[in-house]
Amino acid sequence: MLPYPQDMALSRARSSVGFDVGDPLLEAELVGGLDAVETALDVAVKSDDPFVAETSRHLLEAGGKRFRPLLVLLAAQYGDPTAAGVVPAAVVVELTHLATLYHDDVMDEAARRRGAESANSRWDNSVAILTGDYLFARASDILADLGPEAVRLQARTFERLCVGQIRESVGPSNAESAVDHHLSVLADKTGSLIATSARFGALQSGASDTVVEALTRFGERIGVAFQLADDLVDITSDPQESGKTPGTDLREGVPTYAGLLVLQNAEPADSRLVELLRRPLPVDAELDEALALLRAHQALAGARSTAQRWADDARQCLAPLPDSPVTGALNQLCDYVVQRTS
């Protein structure tokens, strides 16, 4: 079993794997590990300053899928999942992810995040940016105990996160299509940290080099598929079923793959949708119109097909891994990532 604090037996059941793992014993281990990660995150964001404590807990308490910590825990199953560095590594990747969300919301001028008011809206841009920096600092403090290889991996991942954000802000070059540019940005902004999550889990558990490399390749590809699917869910979700308000990206004028496909292949019949996609949509009536037009457009099927292709590529990366419940769970994850968009 994964190690976690002795008082976890008394804690509320708050973690969920989120998809059908296919093996009850593995699922129980993962849920226990996610509870351990949640407890460690609570500790990691504490501060003696009440205001800093409030701002740093803001997005943590808003919830989230904990997809990156889950991948750390899954990857650790190929070595010793009870190794001391596994849960701290999972905390590092989630703190890093949370920090980027604070920064992204400032860049996108987002009003809401995870169903809650964004930090930049609740306070201001400076507070949001500095809170993200604080979480990066807390991640670095934990990371220092995991050794120089882990520190170097985190630094290189952070480099890609920054490059991805810069490239998204600048936009595609004249020689690059907006669609191809978007995919490369997703690989940097999302795929890199999810690849690092898998690599951290494998490394900290002492898995073989073959496993480490296979899981790293898997993580990059499933990360892009995950983000493509997430963007589709933002278009297709039923708020009564998902609990999410659809159209967040459209409202804020954030480009997504499906929208870029419409713009790239626009026909005269798409003129109204093209007009709507070229600007933020703060007015509910226009947002609803854009969602209806996009849901009926063939670009949605194209975006789903691309997500499936990335998930299929991720599955191919699992070929060197042993036939086991955890490999079966990773295969299931490839299916789940895309199926949730339907």
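Preceding block: the structure.
Residues numbered from 1 in each chain as written. Predicted model: local features only at pLDDT ≥ 70, side-chain atom pairs only at ≥ 80, totals over all residues. Heavy atoms only, no water.

Caption draft 1: Local environment of the pattern of salt bridges. Under the criterion given, the structure shown has 16 salt bridges. Among the salt bridges present, the one from R160 reaches E220, with a minimum N-O distance of 2.8 Å. Highlighted residues: R160 in helix α7 (residues 148-170) and E220 in helix α9 (residues 209-236), separated in sequence by 60 residues. Residue E220 is classed as buried on the basis of its relative accessible area of 17%. Ionic pairing is found between R279 and E286, a salt bridge with its closest N-O pair at 2.8 Å. Taken together, the shared-partner salt bridges in this structure form one network comprising R272, E275, R279, E286 and E289. (Salt bridge = Lys/Arg side-chain N within 4 Å of Asp/Glu carboxyl O. Helix = DSSP H or I, 4+ residues; strand = E, 2+ residues; numbered from the N terminus. Buried < 20%, exposed > 50% of the residue type's maximum accessible area, 1.4 Å probe, protein only.)

Caption draft 2: Structural context of the nonpolar core. If you look at the biggest cluster of nonpolar residues, it comprises 99 residues, and the most contacted ones within it are L71, L95, L215, F218, I222 and L330. The leading source of residues in this core is α9, at 13 residues. Dropping the residues within four chain positions of it, L215 is found in contact with A75, Y78, A198, A202, L321 and L330. (Core = buried A, V, L, I, M, F, W, Y, C linked by side-chain atoms within 4.5 Å. Contact = heavy atoms within 4.5 Å.)

Caption draft 3: Molecular detail of the packing of aromatic side chains. Counted by the stated rule, this structure contains 3 aromatic pairs. For the pair F19 and Y336, a centre-to-centre distance of 5.8 Å together with 25 degrees between the ring planes defines the contact as stacked. Highlighted residues: F19 in the segment before α1 (24-44) and Y336 in helix α16 (residues 325-339), separated in sequence by 317 residues. Residue class for F19 comes out buried when judged on its relative accessible area of 10%. (Phe/Tyr/Trp six-rings, centres within 6.5 Å; stacked < 30°, edge-to-face > 60°.)

Caption draft 4: Examining helix α2 (residues 50-61) more closely. With 12 residues, α2 should cover 16 Å at 1.5 Å per step; its first-to-last C-alpha distance of 16 Å lies within 8% of that length. Along α2, the residues that are buried comprise A53, T55, S56, H58, L59 and L60. Regarding α2, its N-cap is D49, as a side-chain oxygen of that residue lies 2.9 Å from the backbone nitrogen of F51 further along. (Expected span 1.5 Å × (residues − 1). Polar contact = N/O pair within 3.5 Å; in protein donor to acceptor, adjacent residues only side chain to side chain.)

Caption draft 5: Representation of the packing of α9 against α16. For the pair α9 and α16, the least separation of the axes is 9 Å and the interaxial angle reads 20 degrees. By the criterion of interaxial angle, the relationship of α9 to α16 is roughly parallel. Classified by chirality, the crossing of α16 by α9 is left-handed. Every residue of α16 that contacts α9 at L215, F218, I222, A225, F226 and A229 is listed here: L330, L333, C334 and V337. In terms of residue class, the contact of α9 with α16 is built from 10 nonpolar, no polar and no charged. (Axes fitted to C-alpha atoms, helices over the stretch in contact; angles between N-to-C directions. Parallel < 35°, antiparallel > 145°, perpendicular 65-115°, else oblique. Left-handed = near helix turned anticlockwise from the far one by under 90°. Nonpolar A, V, L, I, M, F, W, Y, C, P; charged D, E, K, R; others polar.)

Remember, this is a structural readout, not a statement about activity or role.
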